[in-house]
Amino acid sequence: MVGDLTEGLVFLFTDVEGSTRTWELQPEGMRAALGRHDALLRNAIANHGGRVFKSMGDGFAAVFSDPAAAVSAAFEAQRELFRQDWQGLPVLRVRMALHTGSAEARDGDFYGPIVNRVARLLDSAHGGQILLTGAIFQALGGSLPPGCEARAVGSYRFRDLLLPEEIYQLVHPQLPPVFDRLRALAAFPHNLPTQLSSFIGREKELSALSEWLEGSRVLSLTGPGGTGKTRLALQLGAGVTEQFSDGVWLVELSPLRKADQIYRALGAALGVREDPSRDLLTTLADYLEHRRALLILDNCEHLLEECAHLVERILRHCPYVRILTTTREMLKVAGERVYPVPPLTLPTPDVAPNTEPVLPAHLEQFEAVRLFVDRAVAAHPRFALTADNAGAVVELCRQLDGLPLAIELAAARVRMLSVEQLLGRIQDRFRLLASGRRTAEERQSSLRGMIDWSYQLLTEAERELFHRVAIFRGNFDFAAVEAVCVGQGVPEEDLYLLLESLIDKSLLVAEEVEGAVRYRLLETLQAYALERLQEAHRAEEFAGKHARWYVQVAREAGDHLEGERGDLQEAAAQRLDQEGENLRAAMVWALDRDLEAALHLVRGMGLYWLRRGRWSEAAEAHERVLALRGNTPADLRAKVLRRAGIFARIRGDYRRAHALTAEALALYTDLEDTLGIAVSLYSLGTIALNRGETQEAWSYYEETLSQFRSIGRQAGIADCFQALGLLALAASDLELAGTHFQRCLEIHEELRQTTGIAIALNYLGVVAYLQGAGAEARRRYEESLAILGEGGDRVTTAVVLQNLGREARSRGDLETARSLLERSLAVALEIGSRERAAVICGDLARLDLRVGHTAAARAALEDNLGTLKQIGSRRYVAKFLHDLGEVALAEGDLEKAAPLLRESLEMRREMQHLLNLPESLEAAARFAAASGQEAKAAGLFGAVEACRRHLGIAACSDAQAALARDEERLRGQLGEDRYLTARTAGQKLAREAAMNVALALLRAEPEKPPEDSE
């Protein structure tokens, strides 16, 4: 049920701070206090014309029509609360938030973004505080309750807003003047992981580092493994998010091995995808140039040179970016400030096991002890720090050098051993490792000694499994462990218990990822275990098992992605999302050792890369594997060739795309593989369509449809109907196009293919838009976008957003149009689609032209025209030439306008893009009017009307208004009779004749005699 959208509403939300705890401690008193609170608030709201529409726990949601009345109600209620003599009852501190805007009224309640935002503002407030949004402040216009002022408290970002909002506090002598910083609202964008365990200590470090970060462009946290560098960096990043309006972004480098992987990881964190025409580092630097962001590069030590190069480039080109690194060795870049992370604080040496009993409360001021106790209780809930074990705990922490990782590993063992037993074992181990010099390398050895000690506590089977799981990259699931690690020394029947034991001993981390449990090793532990595997000369054996397992994963996922079950397709794509690091590692192994395995990997990943917009990665992988020499199955090579052709086409290399696809077709023909032949023909048709070769495309698609029907391939039939619909659109046969797209939709719905459904809905929206049914078009587009969601096909998302933008532009909503087009452009750049990005830039240029910014429009069109010519996208080249002609007309430069409009029309006639013919004739008519040829202009306007009527294309309301203005001027210049005579003659022109008139006018040649009318 949809409600009415009401504008100008003012919402007041209230809530009692700390009410849950007060209810638990004083239930009777709380009941009486709340009764007084409820009456007071309801009276204040009613007295100022408000209405309570919902009770929320111990607070209210009220709505007003007047912002001044709403603020007065909040002030009166808050003042009365502070005046109350609670007489032994709990003192209630109420927080309040106000916001104004439009909301949907439904069944006595209100819905929409405004309601969500005022609730989030309330969450950020403190008891006794009244917060106002910038919207309320502006609406008040200074009309505040007597004696009150609105004090700005800062700019904060809601989770669902792109731009921050100014927040104000209502201040009055009878209200508390000062509160702590707002709590929940400073939620600037970030990708910092949620920590499942508490952060202990480091208060001084965090305070000092926050100051250092303000004055340093790059800050490096250094120290040996196990000092807690990463956790400290994450905590620091979380604490300074409000200082970086464009986000705090973590890049985990431990699984990476090359510079280009670092850039891709950073691009993924920022949401920036590669532009195939530029190197990725330049793209990243341009993206960050004017942004205020903090980058956290975690674990740089194995990529020092590469990280230094990245950091120097960002420092040079991005003045507002700060960089925080964790590394065992400094980067040695200009301006780097190094902070050696110290151990956790420890008791002084006089506190030892053999001294007088130590009070636990005294010891808990030391960070190392607090960390040990916290983790020990997590492992063994009955553990407690007592006078009996306190001395042993102190010595144990000291023996571990206060290193957080070592302490956590030791604390995890309290379920198996007492603290005294742990201390005895660790003393033996550290005495051995402390015999040399205490240098940085020795501190690394101290960590190794701790891991050695933990390793010695494992059974033989646990050790074997620990070695073998080190072969994985990133995180992995149980099925992978079962496939790769089970065998001699790791019995299948014991696998669950062995995994559980490694997790219990903190050697393996189990975490929930999208509803499923996955495992990972800490970097230091993985390096240690892998070294053990290499010492046993089994690293190559398990690398091969690992690669073969992930080849199988890719093959199965690829089969589902190429199948007809939409639910299985999405599940397969999500599986590959999770396995990215391991799949890349498998690819590296296969490219060096097993060509057939590499081909299977590339084949399995192809559609996934396509849907996720990872085109550069895909093209590189396809080209690398095709360059290898060796005997491979012909059908497998044909699949990879065809998919390589798709990625070449997407990147705009039509010549390469045609060559690869033709080679695939030849192989399929030799194999008599009907499905392979069909999909190759379809690809060739799409290449032809993109190049504007419509007749050739039609021939390919018709043959493809016949092939798919012969084998009953429903998904392929749907694709053909879609392609034929596009061709019908190009020929402006809207009825036929709609029929094809509707059939395509029905098949995808039968197959439950969400992406296919979304694409078909988008094209049905295009048909409705061209027929003048703007509301229907918008409904189709929005339905398509809703189906795609956040993780859907990015190419289609970009197209649908673009079409929504065009629809908004057609009805004159230029602000919405620009917002939608900019979102579309961001997606196109993210996926690396040069053609799509250029076309969207053209739409944005047309918006500039609409508001009179002709210079900006011309510059954007010229820049992107070069890209489209390079790609060979003739239909869009024609469009951009036309638009540049329109810019020249707007500037009054007829000499420049004529050849641009003429070349565009000639290309459209050659390609038979009749859909665009009316706008070409209309531009020629305006050219004629501007050059003093009013009668020809009137005739061409008549031809425009006839052409639109014949093609079934409706002009948008905005275009109709412009056309009416142009024709009204002509009436005045020619007189009514001459105008009607010329216009009627133009209406009778055949389509070809109208084009000849327009072209002759633009060539400044006498036109040919009109042909017979249609």
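A word on the overall build of the protein chain. Secondary structure assignment for the protein chain yields 44 helices and 15 strands. Sorting the 1014 residues of the protein chain into buried and exposed places 53% on the buried side. Once local pairs closer than 6 in sequence are excluded, the contacts in the protein chain between residues at least 24 apart make up 70%. Put simply, the protein chain shows about 43,800 Å² of open surface, and 49% of that area lies on carbon and sulfur atoms.

This brings us to the confidence of the model for the protein chain. Per-chain confidence: the protein chain averages 83 in pLDDT, with 89% of residues scoring 70 or above. Element-level mean pLDDT values for the protein chain span from 53 in helix H16 (residues 440-456) up to 95 in strand S11 (residues 294-298). In this model residues 352-356 is a low-confidence stretch, pLDDT under 50, and it forms six contacts with partners more than four residues away in sequence or in other chains. Confidence drops under a pLDDT of 50 for residues 1005-1014, and excluding neighbours within four residues, the segment shows 16 contacts in the predicted structure.

If a strand is regular, its side chains alternate between the two faces of the sheet. Among the six residues of strand S3 (residues 59-64), six are classified as buried, and the element is accordingly described as predominantly covered. Burial of the side chains of S3 extends over both faces: Gly-59, Ala-61 and Val-63 are buried on one face and Phe-60, Ala-62 and Phe-64 on the other. Two elements, strand S2 (residues 51-56) and S3, share five bridges in a ladder whose sense is antiparallel. What sits directly across from Val-52, in S3, is Ala-62. Linkage of S2 to S3, two consecutive antiparallel strands, is achieved through a turn of two residues, within which Gly-57 is found at a positive phi near 65°.

Among the nonpolar cores identified, the biggest contains 88 residues, and Leu-465, Phe-466, Phe-472, Phe-476, Val-481, Trp-609 and Val-625 are the most heavily contacted of them. Sorting elements by how many residues they give to this core places helix H24 (residues 595-612) first, with eleven residues. Once residues within four sequence positions are removed from consideration, Phe-476 is found in contact with Val-469, Val-481, Leu-508, Arg-518, Tyr-519, Arg-520, Tyr-550 and Asn-582.

This paragraph deals with helix H29 (residues 694-711). Count 3.6 residues to each turn of an α-helix, and residues three or four apart come out pointing the same way. Helix length check: H29 (18 residues) gives 26 Å between terminal C-alpha atoms against 26 Å at 1.5 Å per residue, within 8%. Among the residues making up H29, those that are buried are Thr-694, Ala-697, Tyr-700, Tyr-701, Thr-704, Leu-705 and Phe-708. All buried residues of H29 lie within an arc of 140° about the axis, which places them on one face of the element. Facing away from the buried surface of H29 by more than 90 degrees, the exposed residues are Gln-695 and Ser-710.

The next thing to look at is helix H43 (residues 976-987). With twelve residues, H43 extends 16 Å from end C-alpha to end C-alpha; this agrees with the ideal 16 Å at 1.5 Å per step. Among all positions in H43, only Tyr-979, Ala-982, Arg-983 and Gly-986 are buried. Axial view of H43: buried residues confined to an arc of 95°, hence all on one face. Seen from the open side of H43, the exposed residues pointing more than 90 degrees away from its buried face are Asp-977 and Thr-981.

Our next topic: unusual backbone geometry. What is expected of a backbone is that most residues other than glycine have negative phi and most peptide bonds are trans. We note that Lys-332 has phi near 65°; this positive angle belongs to a residue other than glycine. The exposed category is assigned to Lys-332, whose relative accessible area is 60%. In the Ramachandran plot, His-537 falls in the positive-phi region, its phi being about 60° despite a non-glycine side chain. Here His-537 shows up in the loop between helix H20 (523-535) and helix H21 (539-561).

With that settled, the discussion passes to the side chain of Gln-526. By secondary structure assignment, the location of Gln-526 is in helix H20. Here Ala-470 takes part through its backbone oxygen, which lies 3.0 Å from a polar atom of the side chain of Gln-526. Those residues within four positions of Gln-526 in sequence are excluded, and the remaining contacts are Ala-470, Phe-472, Arg-473 and Leu-521.

Examined against the element boundaries, Asp-843 turns out to sit in helix H36 (residues 834-850). Asp-843 gets classed as buried once you look at its relative accessible area, which sits at 1%. At 2.6 Å, the side chain of Asp-843 forms a polar contact with the side chain of Arg-806. Excluding anything up to four places from it in sequence, Asp-843 contacts Gln-802, Arg-806, Arg-809 and Leu-821.

Attention now moves to the sheet that holds strand S10 (residues 248-252). Think of a sheet as strands paired side by side through backbone hydrogen bonds, with each pair either parallel or antiparallel. Reading across the sheet, the five strands line up as S10-S11-S12-S9-S13 and stay open at both edges, with parallel pairing between neighbours. Edge strands, defined here as strands with exactly one partner in the open sheet, are S10 and strand S13 (336-340). Neighbour to neighbour, the strand axes of the sheet diverge by 20° on average, direction disregarded. Direction of pairing for strand S9 (residues 218-222) relative to strand S12 (residues 322-327): parallel, over a ladder of five bridges. Directly across from Leu-219, in S12, lies its bridge partner Leu-324. Its contacts with the sheet put helix H6 (residues 203-215) on S9, S11, S12 and S13, and the angle it makes with S13 is roughly 175°.

About the thresholds
- Residues numbered from 1 in each chain as written.
- Predicted model: local features only at pLDDT ≥ 70, side-chain atom pairs only at ≥ 80, totals over all residues.
- Heavy atoms only, no water.
- Helix = DSSP H or I, 4+ residues; strand = E, 2+ residues; numbered from the N terminus.
- Buried < 20%, exposed > 50% of the residue type's maximum accessible area, 1.4 Å probe, protein only.
- Contact = heavy atoms within 4.5 Å.
- Areas by Shrake-Rupley, 256 points an atom, 1.4 Å probe, with all protein chains shown as cover.
- pLDDT = per-residue confidence, 0-100.
- Pairing = 2+ DSSP bridges.
- Core = buried A, V, L, I, M, F, W, Y, C linked by side-chain atoms within 4.5 Å.
- Expected span 1.5 Å × (residues − 1).
- Arc of directions from axis to C-beta.
- Polar contact = N/O pair within 3.5 Å; in protein donor to acceptor, adjacent residues only side chain to side chain.
- Axes fitted to C-alpha atoms, helices over the stretch in contact; angles between N-to-C directions.

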